[in-house]
Amino acid sequence: MILVTGATGNVGSELVKQLVDGGHDVRAYIRNPDKASMLPAAAEIAIGDLDDTAALRKASEGVDVVFFMQATPLPAQAQNVVDAAKAGGATRIVVLSSIGTVIHRVNNPAGQYT
């Protein structure tokens with residue numbers, strides 16, 4: 001079983017779709033149950049957020065891999081994910097963050113970010 005946090009986001013929703021299409025068992029961890037309909041029917045849905053340690057631990061039960069996706073990982077939330085993954089039996093955690101894309105923009109003609 002693969003747990004995907006941020007499963008209704010831009011990357012997470014596509015990851016869930018591709019994993020399901022590839023024949024993997026997927027559990028999508030989402031905050032808003034109204035968004036569950038945007039995910040493949042074969043994906044198992046778990047509701048909660050990264051501060052809800054009880055829901056996160058329940059969602060992590062029996063998983064082998066956790067995809068942890070968050071725009072700005074907060075240390076406490078990251079620790080919650082690691083603790084839940086370990087308790088649930090995960091042997092791998094994959095982290096994807098876009099924090100480097102949202103820090104600040106340098107004033108230059110090319111519009112580059114640093």
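See the structure printed just above.
Each value, and the rule that gives it
- Residues numbered from 1 in each chain as written.
- Predicted model: local features only at pLDDT ≥ 70, side-chain atom pairs only at ≥ 80, totals over all residues.
- Heavy atoms only, no water.
- Core = buried A, V, L, I, M, F, W, Y, C linked by side-chain atoms within 4.5 Å.
- Buried < 20%, exposed > 50% of the residue type's maximum accessible area, 1.4 Å probe, protein only.
- Helix = DSSP H or I, 4+ residues; strand = E, 2+ residues; numbered from the N terminus.
- Contact = heavy atoms within 4.5 Å.
- Expected span 1.5 Å × (residues − 1).
- Arc of directions from axis to C-beta.

Attention now moves to the nonpolar core. Among the nonpolar cores identified, the biggest contains 15 residues, and Val4, Ala7, Val16, Leu19 and Phe67 are the most heavily contacted of them. At the level of elements, strand S1 (2-5), helix H1 (10-21), strand S2 (26-30) and strand S4 (65-70) are the ones that each hand at least two residues to this core. No other element matches H1, which puts four residues into this core. When near neighbours in sequence (up to four residues on either side) are disregarded, Phe67 contacts Ile2, Leu3, Val4, Thr5, Leu15, Leu19 and Val94. Formed by 14 residues, the second largest nonpolar core is a distinct cluster that contains Leu50, Leu56, Val63 and Ala84.

The first and last C-alpha atoms of helix H3 (residues 75-88) sit 20 Å apart over 14 residues, in line with the 20 Å expected at 1.5 Å per residue. Within H3, the full set of buried residues consists of Gln77, Asn80, Val81, Ala84, Ala85 and Gly88. Along the long axis of H3, the arc covered by the buried residues comes to 125 degrees, so they all point the same way. In H3, the exposed positions angled more than 90 degrees off the buried face are occupied by Pro75, Ala76, Lys86 and Ala87.

Remember that the coordinates give geometry; whether it matters functionally is a separate question.
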